[in-house]
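Examination of the molecular architecture
Here are the chains, one letter per residue:
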Amino acid sequence: MALALDDLKSKNQTADRAFRGATLAGGATIVIILGLIAWTIADKSRLAFKTEGLSFFTEPRWAPAANVYGALSFIYGTAVTATIAVLLAVPVSLGIALFTTQVAPSWLKRPIVAMTDLVAVVPSVVFGLWGIIFLAPKLTPVFKRVSGWFHGVPVLGRIFGPASSGRTFMTAGLILAIMITPIIASISREVMETCPLTDRDGALALGATRWEMIKGAVLTHSAGGIVGSVMLGLGRAMGETIAAALVIGSSAAITANVFSPGDSLPSVIAFEWGEATSDVKRSALIAMGLTLFVMTLIVNFVATAVVNRSMKRMRGES
Amino acid sequence: MTAVIDNTSPAPAMVPLLSDLSSVSGRRRNKNMVMTVLMGVSVVVVGFVLLLVLITVVRKGWSIVVSEFPKWFTKDIQLSPRRAGPGMKAAIVGTIVATATATVIAVPLGIAGAIYLNEYGKRSAFARTLRFLTNVMAGVPSIVMGLFIYVFWVVPRGVDGLNAFSGALALACLMLPIVVRSTEEMLRLVPQNLRDASLALGATASRTTLTVVIPKAAPGIISGSLLAIARAAGETAPLIFTVGAAKATNWNPFSGTNTSLSLQIYANAKESFPTAQERAWGAALTLIALAFLFTFGARALSGRLSRTTES
């Protein structure tokens, strides 16, 4: 009997260990895939770097016919569109998060959260389609009027320069802003909800208005998490491909004018892929993928660390 | 001021106090009001944009989907972008095939990974690293996933590598971190005493997980997976390099090029012909309907879950 029980036990243990191993394997695929992404993409980029050298990052010209492959204008475009998107999305997202957590009556909270989540469900290509066919033609006269206002003004005149079409850095930034708003709003909301009631009540008891309470208690308390959520939004804006590819105008340009057509890393990869017949051109496009991968990796790395740290600190405090 | 201090119930007296501080109080109150209004406005702005997008898609897509009704779902795509008329069956089938294949790959792997994180790894250094990497992977741009599968999987197979399965691999890379994160969140909600009770009865850890923990968390796990599916179904960038460009229906994920609703929207949006653009709007309507269907399904499930755990 004792022998049989031992037997059963060891059999059970084997099954148990096998199950544990299987779940570990499931988790390990993430590490493996991330490693494979880095390795294979870096490997296929070698040809481009061998042809161009480090000037790949500093050469503004993209002229496959002349065998010149520079990524600088696309890196610039990625940075500009992502910056516009963040500048537009942050105030709106924080407004939504504050409204849901501090102002809205409880019956209104769920509908607002559901509405913000629905924005995240709309596929990016649909935003792109809407942007190129519906929004862009309507924006052209708006851009023209705005650039007229700032004509001749020192710095702003160059940023809001002459506009000729609706497919510009600004259009791409606008569409990206819509897409990252639900990300920033939902994470900020979660962080703000952890703000201790005692902090809020304390501020109100001292005679603060609601806005002063928000400034003094809620925003100070959630600053770390908000910064993290904004960075996650930035990472998403940098990597978003299709919506940007459709509305950005697809012409490599480095200019301060946000009303000028431009191009970004993900959009040039998607756009030029079909016409990339030579090995060097494909390799150059993959090298741009690598650049994008590293850029988003850094942003997400920092963002995740910031969010984790502030979440941990808040749990410790409350 | 003295009136306030003398008052035994300060709360009602606070109101005249605030208005007494004439200019300062007025500025503070105005600022408060302006900021509150701005918060409300930001909610309205996003609601307005969402509504505008949805109305545009429905208004422009409706006619081609319902004209000659079943044809949109039963006919292959017009070969020339200039030709008018419905037919999106190939793309609908392609989206379903690629997304279903990706689900079969990513969901079991993701659930396994989440079980490891929550039931075995817990707070160990490896599990913490894994959790961190999962978050990092969730932020990898979808186009990089597509490039990765192209380089790693499609190139060694040549032209035969362009099929729905390759696309599904790229989509699976995208879904995996989402599934891991949402599943772990759900497993964490399962009360520890259920596990303890099962273990005390002599069940092994694996048996406890499979028969006690997973069934308890099932609605949440399914809901999280549905959200991941909705996300994958709408993705375009990972498919550009991996599934090729077909216009005829292909149910076989392992051979032959394919297409998808998202790819059709992308391709037709770039065309200047109104006939092609009309098809893009129709495909957008179909895709949004599909994504919302999965999302509402997930919401209904998670709503039921929160009710069962509350009672």
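Everything numeric here is computed off the predicted structure, so don't read it as measured data.

Counting secondary structure elements, chain B contains 13 helices and zero strands. Overall, chain B shows an N-to-C arrangement of helices and strands of α-α-α-α-α-α-α-α-α-α-α-α-α. Long-range contacts, defined here as pairs at least 24 residues apart, represent 74% of the contacts in chain B between residues at least 6 apart.

Another point: the environment of A42 of chain A. Here A42 of chain A shows up in helix α1 (residues 2–52). Sequence separation between A42 of chain A and S283 of chain A is 241 residues, and the spatial gap between their C-alpha atoms is 9.8 Å.

A few words on the interface of chain A and chain B. Facing the 71 residues of chain A at the interface are 68 residues of chain B. It is α1 of chain A that contributes the most residues to the side of chain A that touches chain B, 21 residues altogether. Residues belonging to the side of chain A that touches chain B are distributed by class as follows: 47 nonpolar, 19 polar and five charged.

Spanning 14 residues, helix α6 (residues 125–138) of chain B covers 20 Å between terminal C-alpha atoms, matching the ideal 20 Å at 1.5 Å per step. Buried within α6 of chain B we find L130, R131, L133, T134, N135, V136 and M137 of chain B.

Turning our eyes to something else, we now look at the nonpolar core. One finds V126 and L176 of chain A together with M175, I265 and A284 of chain B to be the most contacted residues of the largest nonpolar core, which totals 189 residues. A domain split of this core shows at least three residues from each of domain 1 (2–66) and domain 2 (74–310) of chain B. With sequence-adjacent residues up to four places away left out, V126 of chain A is seen in contact with V57, I265, A284, L287 and I288 of chain B.

Conventions we followed
- Residues numbered from 1 in each chain as written.
- Chains lettered and ligands numbered in written order.
- Predicted model: local features only at pLDDT ≥ 70, side-chain atom pairs only at ≥ 80, totals over all residues.
- Helix = DSSP H or I, 4+ residues; strand = E, 2+ residues; numbered from the N terminus.
- Contact = placed C-beta atoms within 7 Å.
- Nonpolar A, V, L, I, M, F, W, Y, C, P; charged D, E, K, R; others polar.
- Expected span 1.5 Å × (residues − 1).
- Buried ≥ 20, exposed ≤ 12 C-beta atoms within 10 Å, placed from the backbone.
- Core = buried A, V, L, I, M, F, W, Y, C linked by C-beta atoms within 7 Å.
- Domains from an automatic or database assignment.

Nothing here speaks to function; it is geometry throughout.
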